[in-house]
Amino acid sequence: QMSSSDVKHLADPSSPGAGRFTLVFKGKPEPWTKFRKRASGEKDVPEPENEAYVAYEIRFFIDPYELEPPKRKANTIGVERSNGTMMLWHTYVPESQRGKGIAEIIVEEAMEWASANFLSVDSSCSYVNETFMKRQHNRQRWKHIMIRDH
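1. Points about helix H1 (residues 32-39)
Inference 1: Every buried residue of H1 is accounted for by Trp32, Phe35 and Arg38. The buried residues of H1 all sit within an arc of 125° when viewed along its axis, so they share a single face.
Inference 2: Contacts made by the buried residues of H1 are with strand S1 (8-11), strand S2 (18-24), strand S3 (51-59) and strand S4 (85-92).

2. Concerning the nonpolar core
Inference 1: Met86, Leu88, Ile106, Val107, Met111 and Val121 are the most contacted members of the largest nonpolar core, which totals 28 residues.
Inference 2: Only S2, S3, S4, helix H2 (102-116) and helix H3 (126-130) provide two or more residues apiece to this core.
Inference 3: The element best represented in this core is H2, accounting for eight residues.
Inference 4: Here Met111 is in contact with Leu88, Val121, Phe132, Met133, Trp142, Ile145 and Met146, once residues within four sequence places are set aside.
Inference 5: Phe35, Tyr53, Ala55 and Tyr92 belong to the second-largest nonpolar core, a separate cluster that totals five residues.

The rules behind the values
- The residue numbering used here restarts from 1 in each chain and proceeds along that chain's sequence as written.
- Given that this is a predicted model, residues contribute local features only at a pLDDT of at least 70 and side-chain atom pairs are listed and counted only at 80 or more, while totals for whole chains, interfaces and linings are drawn from all residues.
- Just so you know, side-chain values use all the structure's heavy atoms and leave hydrogens and water out.
- Any residue under 20% of the maximum accessible area for its type is buried, any over 50% is exposed, and the rest in between are partly exposed; the area is computed with a 1.4 Å probe on protein chains only.
- Secondary structure follows DSSP: runs of H or I at least 4 residues long count as helices, runs of E at least 2 residues long count as strands, and numbering of each begins at the N terminus.
- Arc definition: directions from the helix axis to the C-beta atoms.
- Any two residues whose heavy atoms approach within 4.5 Å at even a single point are treated as in contact.
- By convention a nonpolar core is built from buried Ala, Val, Leu, Ile, Met, Phe, Trp, Tyr and Cys residues, the set being connected through side-chain atoms within 4.5 Å.

What follows is the structure in structure tokens.
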């Protein structure tokens, strides 16, 4: 049984603001050089079979049109007090590990980290938007740091 304590946070050493929350099943995490090649669109770089992850990029300046009006709520940071925005852009779980709740564990860890660092969160990731944030308990817990209501 995997848990949040198995999730590691890896920052990309050559790309400030980029990183991933990863759960490695065996061996080592995928090297950043390989990860970056796939992220830039190289088709011949397959997803890793020993690692599940959610990738992000932090942006410190957001165009005003991307922001909704501030979400006023007691004891929550909300987007109006954000240090920046963590864009979750891709979640991946190897086929052999799917259906075990791993994606939820990894995204939950990313959300915890964003909240602890006063980052608002945006997502272009279909898993985050169409599955994670559609679950009632996640919606209730994280909607105050989401820039958009997906």
